[in-house]
Amino acid sequence: MGKIIAVTNQKGGVGKTTTSVNLCACLAELGKKTLLIDADPQGNASSGSGAAVGDKSLYEVLLGIATAEKSIVETDTPGMSVLPSDIRLAAAEIEMVGIERREYRLRAALRGLADVYDYIIIDCPPSLGLLTVNALTAANSVLIPIQCEYYALEGVRSLTDTVNRVKRGLNPALEVEGVLLTMFDGRTNLSLQVVAQVKKHFKSKVFATTVPRNVRLGEAPSHALPINRYDPRSTGAEAYRSLAREVLARNGERIK
């Protein structure tokens, strides 16, 4: 059975979508069959992975208009598929309010897909609303990207509280997959201080991999390609390959 990982942090600009797209692509590069779910109404994970949004998206899936299986789009990245989204998804949080068991809509929609894919990565919106709760309820674990900046841990307590509430009331099996430090610049004392602070707070949950500031990572989405296909030799590509190997190792998988 495959694993479902929700990538979340309600703080914007921490590399959440970049991590979702590129982790998914690098796991596929390592021979895993992967599915990227774009649960952010901005739809950046969809466009950044080259997934065209048609008349079926996560919005229709959550409202029961379409099935997840019929809404999945194949990409040009071998082994990687996408369940896309666009701005229509913004209405889903309002429209789901009156639906019974609304927190379980995504989990129900994904039932059976964990038998098809080795890893399902959910890119969450930068908020702790109903879409994020659905993602956490459907997931086996949560991956938290944290930017190497002064306010790095700001809001992480709220996120941790939400994860714990979901674990107590909706998904007892939910665990923290790990904490990923992004936009790291080893030349600055600030980045080094943030790394030390985050490691003190999260201890062994922090991935050994850090994602550096890299221009190519910023360019790749405009070409609708993950970094390992846009510039395979870039430091950004190597960082996400390293993260993919760490995720496999943490899940007891032999790395090819």
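Residues numbered from 1 in each chain as written. Predicted model: local features only at pLDDT ≥ 70, side-chain atom pairs only at ≥ 80, totals over all residues. Heavy atoms only, no water.

Participant: Just to check I follow, could you spell out the pairing of strand S6 (residues 141-147) for this structure?
Facilitator: For a regular strand, the rule is simple: side chains alternate between the two faces of the sheet. Among the 7 residues of S6, 7 are classified as buried, and the element is accordingly described as predominantly covered. Where burial is concerned, the two faces of S6 agree: the one with Ser141, Leu143, Pro145 and Gln147 and the one with Val142, Ile144 and Ile146 are both buried. Here S6 pairs with strand S7 (residues 175-184) via 7 bridges, running parallel. Residue pairing in the sheet places Leu143 in a bridge with Gly178 of S7. Handedness of the S6-helix H8 (residues 156-169)-S7 crossover: right-handed. (Buried < 20%, exposed > 50% of the residue type's maximum accessible area, 1.4 Å probe, protein only. Helix = DSSP H or I, 4+ residues; strand = E, 2+ residues; numbered from the N terminus. Pairing = 2+ DSSP bridges. Right-handed = clockwise from strand over helix to strand, strands pointing away.)

Participant: How should the pairing of strand S8 (residues 206-212) be read in this particular structure?
Facilitator: In this structure, S7 lies alongside S8, joined through 3 bridges in parallel fashion. When the bridges of S8 are listed, Phe184 appears paired with Pro212. Of the crossover connections in this fold, the one passing from S7 over helix H9 (residues 189-202) to the parallel S8 is right-handed.

Participant: Quick question: what am I supposed to make of helix H7 (residues 130-138) here?
Facilitator: Side chains that are three or four residues apart share a direction in an α-helix, a result of its 3.6 residues per turn. The buried fraction of H7 is high, at 9 of 9 residues. The complete set of buried residues in H7 reads Leu130, Leu131, Thr132, Val133, Asn134, Ala135, Leu136, Thr137 and Ala138.

Participant: Sorry if this is basic, but what is going on with the nonpolar core here?
Facilitator: Buried together is how nonpolar side chains tend to be arranged in soluble globular proteins. Leu58 and Ile122 are the most contacted members of the largest nonpolar core, which has 51 residues in total. The element contributing the most residues to this core is H7, with 6 residues. Membership of the second largest hydrophobic core comes to 32 residues, among which are Val82, Leu143, Leu180 and Ala237. (Core = buried A, V, L, I, M, F, W, Y, C linked by side-chain atoms within 4.5 Å.)

Participant: Looking at this model, I keep getting lost on the side chain of Asn171. Mind explaining?
Facilitator: Considering the arrangement of structural elements, one finds Asn171 in the loop between H8 and S7. A polar atom in the side chain of Asn171 sits 2.9 Å from the backbone oxygen of Leu136. Within the structure, Asn171 has its side chain in polar contact with the backbone oxygen of Thr137 (distance 3.2 Å). (Polar contact = N/O pair within 3.5 Å; in protein donor to acceptor, adjacent residues only side chain to side chain.)

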